[in-house]
Amino acid sequence: MIRTRFAPSPNGLLHFGHAYAAVVAHDLARARGGEFLVRIEDIDGTRSRTELVPEILADLEWLGLTWDGPVVFQSARLDTYAMAGQRLIDLGLLYPCSCTRREVADAARDQGPDGPIYPGTCRGRHAAQANEVAWRLDMARAFDLVGPISWEDELAGPQRCSPEQFGDVVLLRRDAPASYHLAATLDDAADGITTITRGQDLFAASQVHRLLQALLGLPVPVWHHHPLLVEADGRKLAKRRGSPALADLRRTGQDGRALANELRAGRLPAGLSLGNGVEPAA
Ligand code: GLU
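Fair warning: this is a prediction, and the values are worked out from it, not measured in the lab.

### Points about the pattern of salt bridges
Side chains that carry opposite charge are capable of pairing whenever their charged atoms lie near each other.
Step number 1: Applying the stated rule across the entire model yields 23 salt bridges.
Step number 2: As a salt-bridge pair, Arg251 and Glu55 come within 2.8 Å of each other at their nearest N and O atoms. Highlighted residues: Arg251 in helix H8 (residues 246-251) and Glu55 in helix H2 (residues 53-62), separated in sequence by 196 residues.
Step number 3: The residue Asp168 makes a salt bridge to Arg123 at a minimum N-O spacing of 2.8 Å. Of this pair, Asp168 sits in the loop between strand E9 (157-160) and strand E10 (170-172) while Arg123 sits in the loop between strand E6 (115-116) and strand E7 (134-137), placing them 45 residues apart in sequence.
Step number 4: Owing to a relative accessible area of 4%, Asp168 belongs among the buried residues under this scheme.
Step number 5: Overall, the relative accessible area of 42% leaves Arg123 in the partly exposed class.
Step number 6: The network of salt bridges with common partners includes Arg5, Arg39, Glu41, Arg77, Asp187, Asp188, Asp191 and Arg198.

Below, the structure is given as structure tokens:
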């Protein structure tokens, strides 16, 4: 049975882009007689605002979306992240890194999908106080261990896993219990997600997740990277650029179910179109 999820980070109120992503995930599950979960990705201590969670859930209800089972919170799963991190450390695949963002940016030679590729300054280090440093994945070693792997996107077809474009990514953060990559991968496995829907802007990130599944022996889902709502300049919607919050539309009495139906039919709010949301390199 298919199971999908919508996994917002409560860093701000939801906007049209979130509505579109939630409708895609919800409808895919419902059309195939499956289940749809809501997961709140709330482990970024500096950006996460728990007071927004009731607003987010009210927005989803307003859109006419229903979910199965209780809402899941990443903050309840910190032990799982720590255990998986320790397992990767025990396998010799993570190394402690004390470089600052500035040091990485200054020493990096190449850019990856998430910014400068880590130049490997700390690679080979072992001993560290786990809470004082970030832990990075030794990508070359990880790849040696698992060999070539593949994955499947429902829309784009079969893919060869190529996470090396990210370099040695951080999996355990200094300022949060886990990185997005580790937490999202473990959660999707724990939640039994069979089909991971997310925006095409995260297509590259899914490569890292596929590698983590192989390293940690997790079940392998299929992916469904959908287009995103973008502004006239091709950039993703963002509240800071003036995309209205769903909560405000809800409060002014707009019909959320009608909005969801418009999005389903591909009739997008004025000025918006569908794109891949990948920001052009600066
Ligand atoms: N919490 C992430 C976001 O809001 C989820 C993206 C994903 O992994 O699907 O962007």
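### Focus: the nonpolar core
Step number 1: In this structure, Leu88, Leu137, Leu182, Leu211 and Leu215 are the most contacted members of the largest nonpolar core, which totals 34 residues.
Step number 2: Elements with a minimum of two residues in this core: helix H3 (78-90), E7, helix H5 (139-146), E10, helix H6 (180-190) and helix H7 (203-216).
Step number 3: Residue contacts for Leu211: discarding those within four places in its chain leaves Leu137, Met139, Ala142, Phe143, Val146, Ile149, Cys161 and Pro163.
Step number 4: Among the nonpolar cores identified, the runner-up in size contains 30 residues, and Phe6, Leu60, Ala260 and Leu263 belong to it.

### Comments concerning the packing of H5 against H7
How two helices pack is summed up by the angle between their axes together with the distance between the axes.
Step number 1: In the contact formed by H5 and H7, the axes pass within 10 Å of each other and the chain directions differ by 60°. Overall, the two elements H5 and H7 adopt an arrangement that is oblique. As for how H5 packs across H7, the hand of that crossing is left-handed. Where H5 abuts H7, its residues Met139, Ala142, Phe143, Leu145 and Val146 lie against Leu211, Ala214 and Leu215.
Step number 2: In the contact of H5 with H7, the residues fall into 8 nonpolar, no polar and no charged.

### Describing H7
Step number 1: Taking 1.5 Å as the rise per residue, H7 with 14 residues should run 20 Å; its terminal C-alpha atoms sit 21 Å apart, in good agreement.
Step number 2: Judged by how many residues are buried, H7 sits mostly within the fold: 12 of 14 residues are covered.
Step number 3: Buried within H7 are the following residues: Ala204, Ala205, Ser206, Gln207, Val208, His209, Arg210, Leu211, Leu212, Gln213, Leu215 and Leu216.
Step number 4: Gly217 sits one or two residues past H7 and shows a positive phi near 65°.

### Some words on the side chain of Thr195
Step number 1: Looking at where Thr195 falls in the secondary structure, it is placed in strand E11 (residues 195-199).
Step number 2: Separated by 3.3 Å, the side chains of Thr195 and Thr194 make a polar contact.
Step number 3: Beyond its immediate sequence surroundings of up to four residues, Thr195 is in contact with Ile2, Arg3, Thr4, Leu28, Glu154, Pro221, Val222 and His224.

### Regarding the site of the ligand
Step number 1: Within the structure, the ligand sits among Arg5, Ala7, Pro8, Ser9, Glu41, Tyr180, Arg198 and Leu202.
Step number 2: Here an oxygen atom of the ligand sits 3.3 Å away from a polar atom, N or O, in the side chain of Arg5.
Step number 3: The contact in question runs from an oxygen atom of the ligand to an N or O atom on the side chain of Arg198, over 3.0 Å.
Step number 4: When isolated, the ligand has an accessible area of 300 Å², and the protein chains bury 75% of it.
Step number 5: Tallied by class, residues from the shell around the ligand come to 4 nonpolar, 1 polar and 3 charged.

### Let's talk about the sheet that holds E10
Step number 1: One open sheet holds the 3 strands; their spatial order is E4-E7-E10, and the pairing between them is antiparallel. Because the sheet does not close on itself, it has two edges, and the strands there are strand E4 (94-97) and E10. The mean inter-strand angle of the sheet, taken between neighbouring strand axes irrespective of direction, is 45°.
Step number 2: As paired strands, E7 and E10 are joined by 2 bridges and run antiparallel to one another. Bridge pairing in E10 links Arg136 to Val170.

What counts as what
Residues numbered from 1 in each chain as written. Predicted model: local features only at pLDDT ≥ 70, side-chain atom pairs only at ≥ 80, totals over all residues. Heavy atoms only, no water. Salt bridge = Lys/Arg side-chain N within 4 Å of Asp/Glu carboxyl O. Helix = DSSP H or I, 4+ residues; strand = E, 2+ residues; numbered from the N terminus. Buried < 20%, exposed > 50% of the residue type's maximum accessible area, 1.4 Å probe, protein only. Core = buried A, V, L, I, M, F, W, Y, C linked by side-chain atoms within 4.5 Å. Contact = heavy atoms within 4.5 Å. Axes fitted to C-alpha atoms, helices over the stretch in contact; angles between N-to-C directions. Parallel < 35°, antiparallel > 145°, perpendicular 65-115°, else oblique. Left-handed = near helix turned anticlockwise from the far one by under 90°. Nonpolar A, V, L, I, M, F, W, Y, C, P; charged D, E, K, R; others polar. Expected span 1.5 Å × (residues − 1). Polar contact = N/O pair within 3.5 Å; in protein donor to acceptor, adjacent residues only side chain to side chain. Near = heavy atom within 4 Å. Areas by Shrake-Rupley, 256 points an atom, 1.4 Å probe, with all protein chains shown as cover. Pairing = 2+ DSSP bridges.

Everything listed here is a matter of coordinates, which is why it stays silent on function.
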